[in-house]
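Inside the fold
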Amino acid sequence: MSQTANLDTDDRIEASLTNWIDRFDGLKSLPDDTRNRLARGSRVRRFPEGAVLFEPGQEADRLLLLLSGTVRVQQSSDQGREVFLYRVNAGESCVLTTACMLAFEDYATTGIAETPVLAAEIPRGTFDALVAESRVFREFVFRAYARRITDLFTLIDDIVFQRLDVRLAGRLVELADADGVVHATHQVLGTELGTAREVISRLLSDFQKRGLVKQARGAVCLLDRDALDRLARGGER
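Residues numbered from 1 in each chain as written. Predicted model: local features only at pLDDT ≥ 70, side-chain atom pairs only at ≥ 80, totals over all residues. Heavy atoms only, no water.

You'll find the protein chain entered in an unreviewed UniProt entry as cAMP receptor protein, with Pseudooceanicola marinus given as the organism.

Structure follows, in structure tokens:
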């Protein structure tokens, strides 16, 4: 089992981000006394790329609000296959972390920093007190929770009802950088879509024959982003 990242707070970063609360729309309207309690009861931390922020069996004892970077949340099946669930981006929190904290349950998923991450960490004591006493903070937590639950239902709908080539096209467009390159192996893309590497390889070979992509070692170059986008939207097969 990977060792969960346990890094010290960077005081310089924390000092430079004393106004991190204002980065989240739902927290801007906190009364001054509640804002001060939140600021005093939390801290800003950074995690390097690849750090495991949480993993199955770990106690959910803090809520992380991302200030920068990306966290990938995934789950392992009984057969050992990794299944991608969703990403947490800057300005967001993790719905499964919120669920575990509200239910006092341990994590059943893994959160991995895909990039260097900067996050505000709200420990259990501060979280519980503000959820119980502050209407504004409580609404912020449950509004973010509701949005993410909707995203998870969309993911389930995609897996059950949408063709895999359509999902792959959408994920390629989503992951491509400014140059139209997706830096990911077939195995990684398989994890993203909850399928086997061999299936991804077959679909990418078909995309390449159709002139949509060009494959390279550890990367996929998009040759016709517009066509892939139309496919992702169900416009063509």
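This paragraph deals with the pattern of salt bridges. Evaluation of the coordinates by the stated rule reveals 18 salt bridges. The shortest N-O distance in the salt bridge between Arg-72 and Glu-114 comes to 3.2 Å. Placement of the pair is Arg-72 in strand β4 (residues 70–76) and Glu-114 in the loop between β6 (110–113) and β7 (117–123), with a sequence separation of 42 residues. (Salt bridge = Lys/Arg side-chain N within 4 Å of Asp/Glu carboxyl O. Helix = DSSP H or I, 4+ residues; strand = E, 2+ residues; numbered from the N terminus.)

This next bit is on the environment of Arg-217. When you line up the elements, Arg-217 lands in the loop between β9 (213–216) and β10 (219–222). Given the relative accessible area of 87%, Arg-217 is considered exposed. Put simply, Arg-217 and His-186 are 31 residues apart on the chain and 9.8 Å apart in space, counted from C-alpha to C-alpha. (Buried < 20%, exposed > 50% of the residue type's maximum accessible area, 1.4 Å probe, protein only.)

Here we come to empty space enclosed by the protein. Across all of its chains, the model carries two cavities of 30 Å³ or more by this definition. Residue lining of the largest cavity: Leu-53, Phe-54, Arg-62, Leu-64, Leu-66, Val-71, Val-88, Cys-94, Thr-97 and Tyr-107, and that is the complete set. Per-element accounting of the lining of the largest cavity gives the leading share, three residues, to strand β3 (residues 62–68). When the residues that make up the lining of the largest cavity are grouped by side-chain class, the tally is eight nonpolar, one polar and one charged. (1 Å grid on protein atoms, 1.4 Å probe; cavity = no way out; pocket = protein on both sides within 12 Å on 5 of 7 lines; lining within 4 Å. Points joined across faces, edges and corners; volume = space filled by probe spheres on them. Nonpolar A, V, L, I, M, F, W, Y, C, P; charged D, E, K, R; others polar.)

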